[in-house]
Amino acid sequence: MQFRDLKKQYQILKKDIDQAIVSVLNEGNYILGKQVEELEESLAEYVGVKHCITCGNGTDALTMALMTLDIKEGDAIFVPNFTFFATAEAVSFSGATPIFVDVDEETFNLDPKKLEIVIKNVLSERRFIPKAIIAVDLFGLPADYVNIKKVADRYNLKIIEDGAQGFGGSINGKRACSFGDISTTSFFPAKPLGCYGDGGAIFTDNDAYAEYLKSIQVHGKNGADKYDNVRIGMNSRLDTLQAAILQVKLKAFIDYELEAVNKVASWYDQRLREIVDVPTIPEGFYSSWAQYTIKLKSKKQRDELQAKLKDTEIPTMIYYPKTMSEQTAYKDLDVKNANLSISEKLSKTVLSLPMHPYFMGEEIEIVCAKIKKCDLT
Ligand SMILES: *Cc1c(COP(=O)(O)O)cnc(C)c1O
């Protein structure tokens, strides 16, 4: 059993993917070939924003978003304490200071009420200038953008949506990666929409941001002229090969994969909700199920369940065993953190089960039967 079966997906899409790869090889435009621009158009249309700029990976996408907003040393950027390291890392890389905010116990996402408390603390301390919030669509579920936006507007902060795990999710029909002033995603192979290497994208409705992003994508070029460099940029582009692969994968994602993972989630729910704490999807929200994550009663119970499943070759993962504030890299971060108890509790009790669009029938029954057999009282 695979935790996320990318080989099975390839077997199903093989003919189209192989053909897409061969076309790129024959055409020879390995960097910024036509597939890249076509993909950007398809992605922008699907998400429902004006501009999509692809880039090297989801971490670069965050870095480029922060550069666009002119984030620098002395700035405070509010980041959920329960996320993948890159969310905070990009902030530190920009020279700014990540301020960790606790998350909601049910959705795993940034808690807007706690966000406001932390912003007030930072304002009263006067050490850092609050500039932006990075909200993460953790495990595929969009963050609570309605309430995050209210807080952002009250304190004049920009929103960056880290949609690395959120592509395909939505709130009342409005798609993930459209909620930030700038939104980002990742095409790392195991993400909801993955390529066969590293890749990422940035989304925005703002024309000036888009122009700036296209410039820093290629060494701070001046419009179309890459040998006239008007600012310090990066070299962060999506390979044409990856774009061609993503064109095939995006079609499958839209046609049936997103629906399929939602079906897998509902099968899990039906079989597990009586015995464990299953994920909560608020009214109007739709998840792209980057992970299906259950909560156990204690670290001991979680670790024992994981070990028992491993004995029968059922792969599970712990996302994330350490919160941001507990990371060694942040041990010297001299910031008074507010109460982070929920994220700390989650890191000890969550367990992600095998999940992907091709995870079907018999395999789900095996996982659920095994969990049922474990004594979880
Ligand atoms: C994966 C991930 C990233 C980074 O994406 P890469 O493409 O691996 O650089 C950033 N944020 C979150 C929440 C992620 O899950």
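Residues numbered from 1 in each chain as written. Predicted model: local features only at pLDDT ≥ 70, side-chain atom pairs only at ≥ 80, totals over all residues. Heavy atoms only, no water.

Caption draft 1: Structural detail: a negative patch on the surface. Taken together, E37, E38, E41 and E45 make up a surface patch of like negative charges. Mapping E41 onto the fold places it in helix α2 (residues 34-47). (Patch = residues over 30% accessible without salt bridge, like charges linked within 9 Å, V, L, I, M, F, W, Y side chains within 5 Å. Areas by Shrake-Rupley, 256 points an atom, 1.4 Å probe, with all protein chains shown as cover. Salt bridge = Lys/Arg side-chain N within 4 Å of Asp/Glu carboxyl O. Lys, Arg positive; Asp, Glu negative; His and termini not counted. Charge placed at Lys NZ, Arg CZ, Asp CG, Glu CD. Helix = DSSP H or I, 4+ residues; strand = E, 2+ residues; numbered from the N terminus.)

Caption draft 2: View of the sheet that holds strand β12 (residues 285-286). Strand order in the open sheet formed by three strands is β7-β6-β12, with antiparallel pairing between adjacent strands. Two strands bound the open sheet, and with one partner strand each, they are β7 (174-175) and β12. Strand direction decides the pairing type here: strand β6 (residues 170-171) and β7, joined by two bridges, are antiparallel. The residue of β7 that forms the bridge with I171 is K174. (Pairing = 2+ DSSP bridges.)

Caption draft 3: Quick peek at empty space enclosed by the protein. The tally for this structure, following the rule as stated, stands at three cavities of 30 Å³ or more. Of the voids in this model, the largest cavity is the one considered here, and its volume is about 130 Å³. If you go around the largest cavity, you meet 18 residues; those closest to its centre are R4, Q9, P192, E257 and P357. Listed by contribution, the elements that provide at least two residues to the lining of the largest cavity are α1 (6-27) and α8 (240-272). When residues of the lining of the largest cavity are assigned to their parent elements, the largest contribution, five residues, is made by α8. Here the lining of the largest cavity is built from residues that sort into nine nonpolar, four polar and five charged. (1 Å grid on protein atoms, 1.4 Å probe; cavity = no way out; pocket = protein on both sides within 12 Å on 5 of 7 lines; lining within 4 Å. Points joined across faces, edges and corners; volume = space filled by probe spheres on them. Nonpolar A, V, L, I, M, F, W, Y, C, P; charged D, E, K, R; others polar.)

Caption draft 4: How the structure looks around the environment of L25. Within the secondary structure, L25 is located in helix α1. On the basis of relative accessible area, L25 is assigned to the partly exposed category, the value being 46%. Along the sequence, L25 and T240 sit 215 residues apart, while their C-alpha atoms lie 9.6 Å from each other. Excluding residues that lie within four positions of it along the chain, L25 makes contacts with Y30 and L241. (Buried < 20%, exposed > 50% of the residue type's maximum accessible area, 1.4 Å probe, protein only. Contact = heavy atoms within 4.5 Å.)

Caption draft 5: Representation of the sheet that holds strand β1 (residues 51-55). Spatially, seven strands are ordered β1-β9-β8-β5-β4-β2-β3 in an open sheet, and the strand pairing comes out mixed. Each edge of the sheet is formed by a strand with only one pairing partner; in this case those strands are β1 and β3 (97-101). Here the strands of the sheet are splayed against their neighbours by 25° on average, with no regard to which way each runs. Note: strand β2 (residues 75-80) against β3, five bridges, orientation parallel. By the bridge assignment for β3, P80 is matched with V101. Strands in contact with helix α5 (residues 112-125) are β2, β3 and β4 (129-136); relative to β3, the strand with the most contacts, it is inclined by about 140°. (Axes fitted to C-alpha atoms, helices over the stretch in contact; angles between N-to-C directions.)

Caption draft 6: Structural context of helix α11 (residues 361-373). If you check α11, its first and last C-alpha atoms are 18 Å apart, about what 13 residues at 1.5 Å a residue would give, namely 18 Å. Among all positions of α11, only I364, V367, C368 and I371 are buried. Burial along α11 is one-sided: seen end-on, the buried residues are contained in an arc of 90°. Turned more than 90 degrees off the buried face of α11, the exposed positions are E362 and K373. (Expected span 1.5 Å × (residues − 1). Arc of directions from axis to C-beta.)

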